[in-house]
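Given next are the chains, with one letter for each unit.
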Amino acid sequence: MRYSLLAGLGFALLSACTQTKKEDTATAVDVHALNQQFIGAWNSRNTTQLDTLLADDVQYLQGESHFSGKSEVSDKWIRETVGTINDLKLSPVSSGNDAATAYEAGTFEVEVVPEDRTQPRGVGEGNFILLWKKNAKNAWKLSYAQLEGLPVRVK
C-alpha cells in the first residue's frame, strides 16, 4: 500500500513538472524578434519607439558608462548616440528565454559617423547582451543592455 501511494505521488509530481515545462515553452517569447524590433527602431532613429521598448528600471553598461532608469538611459545612451551610429547589426551567438525573461548575446557592428563630418566614417564592433523582461502588464521590455566595443576603425 505504501509503495503504491509513493508511486502515485511520484507520478503526480512528475506530471506537474512536465506540465509546467509545457506552459513555460508556450509562453516564451522570440527574443530575436524583440531585438530586431529594437534594431529597426534604432536604425530608423525612432527614439519614441525606442523609449517604449525600455523598462522603467532599465540598466545600460558600456565600459565606464553605467546608466540606470528609463529617463537616464534614454537621454544619455539613445538620444546622445542614435545620430552618430548607422546600420546597427547584431550577430547572436547565444540566446535563451522562459515565460518572464529572455536574452540574446553575441557580437555587434555599426557604422560610426564622426561629429566632424569632414573626418572619415568608422566601423565599431564588439560584444553585446540584451536582456528582456516581462513587466506587470505582460509587455516585454528591455531591462539590461551591455555593449563592450573595440576601438573604432576607419572605414
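Above this text is the structure in question.
Since the model is a prediction, treat every value here as computed from it, not as a measurement. (Residues numbered from 1 in each chain as written. Predicted model: local features only at pLDDT ≥ 70, side-chain atom pairs only at ≥ 80, totals over all residues. Heavy atoms only, no water.)

### Quick look at unusual backbone geometry
A negative phi angle is the norm for most residues apart from glycine, just as the trans form is the norm for most peptide bonds.
So, step 1. Look at Arg45: it is not a glycine, yet its phi comes out positive at around 60°.
So, step 2. If you trace the backbone, Arg45 turns up in the loop between helix 2 (31-43) and helix 3 (47-53).
So, step 3. For Arg45, a relative accessible area of 38% translates into the label partly exposed.
So, step 4. Phi at Asn138 takes a positive value of approximately 65°, unusual for a residue other than glycine.
So, step 5. Assignment of secondary structure puts Asn138 in the loop between strand 5 (122-134) and strand 6 (140-149). (Helix = DSSP H or I, 4+ residues; strand = E, 2+ residues; numbered from the N terminus. Buried < 20%, exposed > 50% of the residue type's maximum accessible area, 1.4 Å probe, protein only.)

### Quick look at helix 4 (residues 70-81)
So, step 1. Compared with the 16 Å implied by 1.5 Å per residue over 12 residues, the 15 Å span of helix 4 between its first and last C-alpha is a close match.
So, step 2. Where helix 4 is buried, its residues touch helix 2, helix 3, strand 1 (54-62), strand 2 (65-68) and strand 6. (Expected span 1.5 Å × (residues − 1). Contact = heavy atoms within 4.5 Å.)

### A closer look at the packing of aromatic side chains
So, step 1. Scanning the entire structure with this criterion turns up 5 aromatic pairs.
So, step 2. The interplanar angle of 20° and the centroid separation of 4.4 Å between the aromatic rings of Tyr60 and Trp77 together place this pair among those described as stacked. You can see Tyr60 sitting in strand 1 and its partner Trp77 sitting in helix 4, a full 17 residues away along the chain. (Phe/Tyr/Trp six-rings, centres within 6.5 Å; stacked < 30°, edge-to-face > 60°.)

### Concerning the side chain of Lys141
So, step 1. When you line up the elements, Lys141 lands in strand 6.
So, step 2. In terms of polar contacts, Lys141 uses its side chain to reach the backbone carbonyl oxygen of Thr52, at 2.4 Å.
So, step 3. Residues contacting Lys141, with those up to four places away along its chain left out, are Thr52, Leu53, Leu54, Ala55, Leu131, Trp132, Lys133 and Asn135. (Polar contact = N/O pair within 3.5 Å; in protein donor to acceptor, adjacent residues only side chain to side chain.)

### Some thoughts on the environment of Asn135
So, step 1. One can find Asn135 in the loop between strand 5 and strand 6.
So, step 2. Spatially, the C-alpha atom of Asn135 lies 8.3 Å from that of Ala100, the residues being 35 residues apart in sequence.

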